[in-house]
Amino acid sequence: MINTQVSMFGCRIDALRMPQAVERVFEWITAASGQCRYVVTPNVDHVVQLQHDERLRRAYDDASLVIADGMPVVWASRLLRRPLPERITGADLVPALFSAAPTDSRLKVYLLGAGPGVADRAATKIVSRWPAVEICGSYSPPFGFEKDPAENEAILARISAARPDVLVVGLGAPKQELWVHAHQHKIDASVALCVGATIDFLAAEKKRAPLWMRRTGLEWLHRLSTEPRRLFARYLKDAWTFPGLVCREMIGRRTDSH
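Below or above, wherever it landed, is the structure these notes cover. (Residues numbered from 1 in each chain as written. Predicted model: local features only at pLDDT ≥ 70, side-chain atom pairs only at ≥ 80, totals over all residues. Heavy atoms only, no water.)

## Brief notes about the overall build of the protein chain
- For the protein chain, the count of helices and strands is twelve helices and eight strands.
- In terms of overall dimensions, the protein chain is globule-like: its C-alpha atoms have a radius of gyration of 18 Å, near the 18 Å expected for 258 residues.
- Based on the C-alpha atoms only, the size of the protein chain along its principal axes is roughly 55 × 40 × 40 Å.
- When burial is assessed residue by residue, the protein chain has 51% of its 258 residues classed as buried.
- Partitioning the contacts of the protein chain with sequence separation of at least 6, the portion at a separation of at least 24 is 72%. (Helix = DSSP H or I, 4+ residues; strand = E, 2+ residues; numbered from the N terminus. Rg over C-alpha atoms; globule rule 2.2 N^0.38 Å. Buried < 20%, exposed > 50% of the residue type's maximum accessible area, 1.4 Å probe, protein only. Contact = heavy atoms within 4.5 Å.)

## Some details on the sheet that holds strand 6 (residues 133-139)
- Spatial strand order, 4-3-8-7-5-6: six strands in an open sheet with parallel pairing. Each edge of the open sheet is held by one strand with a lone partner, namely strand 4 (65-66) and strand 6.
- Pairing between strand 3 (residues 37-40) and strand 8 (residues 191-194): three bridges, direction parallel. Paired with Y38 across the strands is A192, a residue of strand 8.
- Its contacts with the sheet put helix 6 (residues 118-129) on strand 5 (107-113) and strand 6, and the angle it makes with strand 6 is roughly 180°.
- Packed onto the sheet, helix 7 (residues 149-162) meets strand 5, strand 6 and strand 7 (166-170) and runs at close to 165° relative to strand 5. (Pairing = 2+ DSSP bridges. Axes fitted to C-alpha atoms, helices over the stretch in contact; angles between N-to-C directions.)

## A look at helix 6
- The terminal C-alpha atoms of helix 6, which comprises twelve residues, lie 17 Å apart, in line with the 16 Å expected from a rise of 1.5 Å per residue.
- If you follow the buried residues of helix 6, they end up packed against helix 5 (90-99), strand 5, strand 6 and helix 9 (198-202). (Expected span 1.5 Å × (residues − 1).)

Everything listed here is a matter of coordinates, which is why it stays silent on function.
Here you go:
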């Protein structure tokens, strides 16, 4: 498969459509190389954090697949004449993978993240909807687990015992990206997907925006209306910072062309 990438905002983003992203992940699973590859999904907040968080930049640099989650990122790519073909959210990628799972060999999946009991509820709904998917384990880590070496080793042991094809990581950004990057060589799975609230969505713990809002780039408004205390300050900062980053990219592009 041709590897087409777009460079923006200090990171590279793979210019793929959903079927190509799904195909890429299944190629890794089939190859069974013994190496855990991982996927990150930048939105506006990730882009803003990348400008000052060196650890997150390193995690992005080492990711095997970077796909644009945020519609403003896609719009910016078109404005900068480095167009990404479409938005691919983690919450859409995971169901697409499940739907593409071959019926003759079950796709083994481990769910890491979300609140206590949420992953178990997600597991029940997943196997009911996608019979070709096997949830081989789930775990909701305690608060602050990433700073506890013993807890991290215990989590890695749980994953290793389950031997999943896919590790779905829903710890929130940038924690999930930093954790997967730090432990990439110890994660016993073909691929890890850093996909935020996806486990909550699969469990119906949180409700996604209507399809028309997702297609028109207004999913952020739905999330803000459902979690205003948690998201208002972040969205305000992102809305203030992101246009300046786009302008900087445009100026840099013009400078490079002369």
